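Analysis of the macromolecular model
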Amino acid sequence: GAVVSQHPSWVICKSGTSVKIECRSLDFQATTMFWYRQFPKQSLMLMATSNEGSKATYEQGVEKDKFLINHASLTLSTLTVTSAHPEDSSFYICSARVRATTLTDTQYFGPGTRLTVL
Amino acid sequence: AQKVTQAQTEISVVEKEDVTLDCVYETRDTTYYLFWYKQPPSGELVFLIRRNSFDEQNEISGRYSWNFQKSTSSFNFTITASQVVDSAVYFCALSEAFGNEKLTFGTGTRLTIIP
């Protein structure tokens, strides 16, 4: 149990285009999802916290108009990188928080999406 | 503010040796959670352990063991009889116990097991 998927696993796009990344919890409902970015050989940095049915909470320094997050259902959150630029190239990882009686209350991570902006 | 420090950037050991990865944390919360995650070359984070601040018992899971010492704010991870498959980046993380429980990650330790 506690499987989180991300789509696509990698994407290459031209500068100025928008890219949407999906994060799904496959076998549980996730009231809270998190979005992280990770630059090469660096740690994960939290970008935003996404709660189902409400606006995302962004970390300091993260542009909410550039990184649009939608959490429309208990199993799906999307991150849209708008007008992407080369400096947005990174590894984007989502996680979903499990709240179930049979599973530990913790975060499970998706496999990540590698974004390359040319 | 929360902070997690993993002072060891890279470690290399020969297969079958034991290795300990250090993690030191800072928090003002009295209740919090500590985690270890493994990130193999594929990139996917693998959950290893979650420990709450009230549980200072050491834990052993197969070749993995964790030593939580509140007095020194440390949560160290030991792999015994290391194997090549253990090669990965290991992250220690800290979260608040209430609210959204967002994770603060350390910078990670890249572990290489030499066959």
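In this text the structure is predicted, and so the values were computed from the model without any measurement.

Some thoughts on the overall build of chain B
- Tallying secondary structure elements over chain B gives zero helices and 12 strands in all.
- The N-to-C order of helical and strand elements in chain B reads β-β-β-β-β-β-β-β-β-β-β-β.
- Taking 2.2 N^0.38 as the reference for a compact globule, 115 residues should give roughly 13 Å; the C-alpha atoms of chain B span a radius of gyration of 14 Å, in line with that estimate.
- Projected onto its principal axes, the C-alpha positions of chain B cover 45 × 25 × 20 Å.
- Counting the 115 residues in chain B, one finds 46% classified as buried.
- Residue pairs in contact within chain B that sit at least 24 positions apart in sequence constitute 56% of those at least 6 positions apart.

Section: the overall build of chain A
- Looking only at helices and strands, one finds zero helices and 11 strands in chain A.
- When the helices and strands of chain A are read in sequence order from the N terminus, they spell out β-β-β-β-β-β-β-β-β-β-β.
- Relative to the globule expectation of 13 Å for 118 residues, the C-alpha radius of gyration of chain A, 14 Å, shows essentially globular dimensions.
- Taken over the C-alpha atoms alone, chain A extends approximately 45 × 25 × 20 Å along its principal axes.
- Burial statistics for chain A: of 118 residues in total, 52% are counted as buried.
- In chain A, of all internal contacts separated by at least 6 residues, the share reaching a separation of at least 24 is 55%.
- Computed over 11 positive and 9 negative side-chain charges, the separation of the two mean positions in chain A equals 3 Å.

What to know about the state of the cysteines
- With the rule as written, the count across this model stands at two disulfides over all chains.
- Cys23 of chain A shares a disulfide with Cys94 of chain A; S-S distance 2.0 Å. Disulfide Cys23 of chain A-Cys94 of chain A: torsion about the S-S bond near 80°, hence right-handed. Linking Cys23 of chain A in strand 3 (residues 19-25) with Cys94 of chain A in strand 9 (residues 90-97), this pair joins segments that are 71 residues apart in sequence. Neither residue differs from the other here; Cys23 of chain A and Cys94 of chain A are each classed as buried.
- Each disulfide pairs two cysteine sulfurs, and for Cys23 of chain B the partner residue is Cys92 of chain B, the sulfurs being separated by 1.9 Å. Taking the torsion about the sulfur-sulfur bond, which here is approximately -65°, the covalent link between Cys23 of chain B and Cys92 of chain B counts as left-handed. Placement of Cys23 of chain B in the loop between strand 3 (19-21) and strand 4 (24-26) and of Cys92 of chain B in strand 10 (residues 88-96) is noted, with a sequence separation of 69 residues between them.

Rules and cut-offs
Residues numbered from 1 in each chain as written. Chains lettered and ligands numbered in written order. Predicted model: local features only at pLDDT ≥ 70, side-chain atom pairs only at ≥ 80, totals over all residues. Heavy atoms only, no water. Helix = DSSP H or I, 4+ residues; strand = E, 2+ residues; numbered from the N terminus. Rg over C-alpha atoms; globule rule 2.2 N^0.38 Å. Buried < 20%, exposed > 50% of the residue type's maximum accessible area, 1.4 Å probe, protein only. Contact = heavy atoms within 4.5 Å. Lys, Arg positive; Asp, Glu negative; His and termini not counted. Charge placed at Lys NZ, Arg CZ, Asp CG, Glu CD. Disulfide = S-S within 2.5 Å.

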